[in-house]
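Working through the structure, step by step
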Amino acid sequence: MSNRLNRPGFMASSLALLGVLNIGNVQAEEAAPAGTYTFDTIKVTATRQEQTLEETGRSVTHVDKEEINEVQAQSVAQALRYAPNITASGGPRTDNQGVNIRGLDGSKILQVVDGVRQDFHSGHRPTYFLDSELLRQVQVVKGPVSQLWGSGALGGVVAQETIHAEDILAPDADSGGLVKSSFNSNNDKQTYLSALAARTEQTDWLLSGYYRDSNDLKHGNGEHLENSAKRDYGAL
């Protein structure tokens, strides 16, 4: 559940974090011990087609966790800013930035979080809620894909995948955590994020939350961008 509190109003968004895997028939190996199974190849893609990135004829951009950290992205749009034919739209406020694909943005770009469509649009309110630290990877399918995803995908699809417990835990650890804080001098923006994760033989779990608070942004001439201050928070 992700709750957003912005000045001057309140906004709530529910993100159903679902991963859909197409798993073939499960077959037990003849010589394998009891309880051990062999699965068919599992393919998870943003294109909704059983093809690898090399096989697809569409233009697809993939940004992994390492690249997101390298560019110090503060929004989904900034994570994709070095990809060809993709620019950030929405001005300097990171929470209000969107993705522009080949000149199309806004409601013409469909965004997906863990396979679930995000259809919220309201004026200048944000549509990309996740903090970049909670992103495991982002895939962008460029061009019209409405025949695969339905309405809203005229310009393309931005498919976001959130982090897993294994992204936080060391290989030999059963529990652990992550704490991050940052500060931006331009608008005195403070960001705090923490996550706890654990795993057993049967299941993994992850609990994370973030809080961000900032004043009005400053222009190059020292004047402030009115009504750009904000305070928001979210949980995963």
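Bear in mind the structure is a predicted one, so any value in this text is a computation, not a measurement.

1. Description of the pattern of salt bridges
Tallied over the entire structure, the rule returns nine salt bridges. In this structure, the salt-bridge partner of D167 is R136, at a minimum N-O distance of 3.0 Å. Residue D167 is found in the loop between β9 (156-162) and β10 (175-184), and its partner R136 is found in strand β8 (residues 135-142); the two are separated by 31 residues along the sequence. Since its relative accessible area comes to 36%, D167 is described here as partly exposed. The exposure class assigned to R136 is partly exposed, which follows from its relative accessible area of 21%. In this structure, the salt-bridge partner of K230 is D232, at a minimum N-O distance of 3.2 Å. D232 carries the same exposure label as K230, and that label is buried. Beyond isolated ion pairs, a larger network of salt bridges with shared partners links D131, R212, K230 and D232.

2. A look at the sheet that holds β8
The five strands are arranged β3-β8-β9-β6-β7 in an open sheet whose pairing can be described as mixed. Edge positions in the sheet fall to β3 (59-64) and β7 (116-118), since each has one partner strand and no second. Between one strand and the next, the sheet's axes are offset by a mean angle of 20 degrees, whatever the strand orientation. Looking at chain direction, β8 and β9 are connected through seven bridges and run antiparallel. Within β9, the residue paired with Q139 across the bridge is A159.

3. Let's talk about the nonpolar core
The biggest cluster of nonpolar side chains holds 30 residues, and the ones touching the most others in it are L80, V99 and V158. Those elements that place two or more of their residues in this core are α2 (76-79), β5 (98-101), β6 (109-113), β8 and β11 (189-199). When residues no more than four places from it in sequence are discounted, the contact partners of V99 are A77, L80, I86, T87, S89, L104, D105, I109, Y128 and V158. In this structure, L110, V141, V145 and V157 belong to the second largest nonpolar core, which totals eight residues.

4. Topic: the side chain of R212
Checked against the element boundaries, R212 lands in strand β12 (residues 204-214). At 3.3 Å, the side chain of R212 and the side chain of D131 are in polar contact.

5. Looking at the environment of P144
Tracing the backbone through its elements, the reader meets P144 in the loop between β8 and α3 (146-149). Through-space distance from the C-alpha of P144 to that of K108 is 9.2 Å; in sequence the pair is 36 residues apart.

6. Some thoughts on the sheet that holds strand β15 (residues 230-235)
Strand order in the open sheet formed by four strands is β10-β11-β12-β15, and the pairing between neighbours is antiparallel. Here the strands that pair on one side only, and so sit at the sheet edges, are β10 and β15. Averaged over all pairs of adjacent strands, the angle between their axes in this sheet comes to 5 degrees, without regard to strand direction.

7. Quick word on a nonpolar patch on the surface
A surface patch of nonpolar side chains, about 280 Å² in accessible area, is lined by Y192, Y211 and Y233. Assignment of secondary structure puts Y192 in strand β11.

8. Topic: the confidence of the model for the chain
Averaged over all residues, the pLDDT of the chain equals 76, while 73% of them reach at least 70. Confidence, read as mean pLDDT per element, is least for strand β2 (residues 10-13) in the chain (35) and greatest for β11 (93). Predicted confidence is poor over residues 1-29, with pLDDT under 50, and the contacts of this stretch with residues over four places away or in other chains come to 78 contacts.

9. Focus: the side chain of S228
Within the element layout of this structure, S228 appears in the loop between β14 (224-225) and β15. In this structure S228 comes out as buried when scored by relative accessible area, which is 4%. Within the structure, S228 has its side chain in polar contact with the backbone oxygen of L225 (distance 2.6 Å). For S228, the contacting residues outside a window of four places in its chain are R93, N215, D216 and L217.

10. What about unusual backbone geometry?
Non-glycine residue R102 carries a positive phi angle of around 55 degrees. Within the secondary structure, R102 is located in the loop between β5 and β6. What makes R102 partly exposed here is its relative accessible area of 47%.

Basis of the calculations
- Residues numbered from 1 in each chain as written.
- Predicted model: local features only at pLDDT ≥ 70, side-chain atom pairs only at ≥ 80, totals over all residues.
- Heavy atoms only, no water.
- Salt bridge = Lys/Arg side-chain N within 4 Å of Asp/Glu carboxyl O.
- Helix = DSSP H or I, 4+ residues; strand = E, 2+ residues; numbered from the N terminus.
- Buried < 20%, exposed > 50% of the residue type's maximum accessible area, 1.4 Å probe, protein only.
- Pairing = 2+ DSSP bridges.
- Axes fitted to C-alpha atoms, helices over the stretch in contact; angles between N-to-C directions.
- Core = buried A, V, L, I, M, F, W, Y, C linked by side-chain atoms within 4.5 Å.
- Contact = heavy atoms within 4.5 Å.
- Polar contact = N/O pair within 3.5 Å; in protein donor to acceptor, adjacent residues only side chain to side chain.
- Patch = residues over 30% accessible without salt bridge, like charges linked within 9 Å, V, L, I, M, F, W, Y side chains within 5 Å.
- Areas by Shrake-Rupley, 256 points an atom, 1.4 Å probe, with all protein chains shown as cover.
- pLDDT = per-residue confidence, 0-100.

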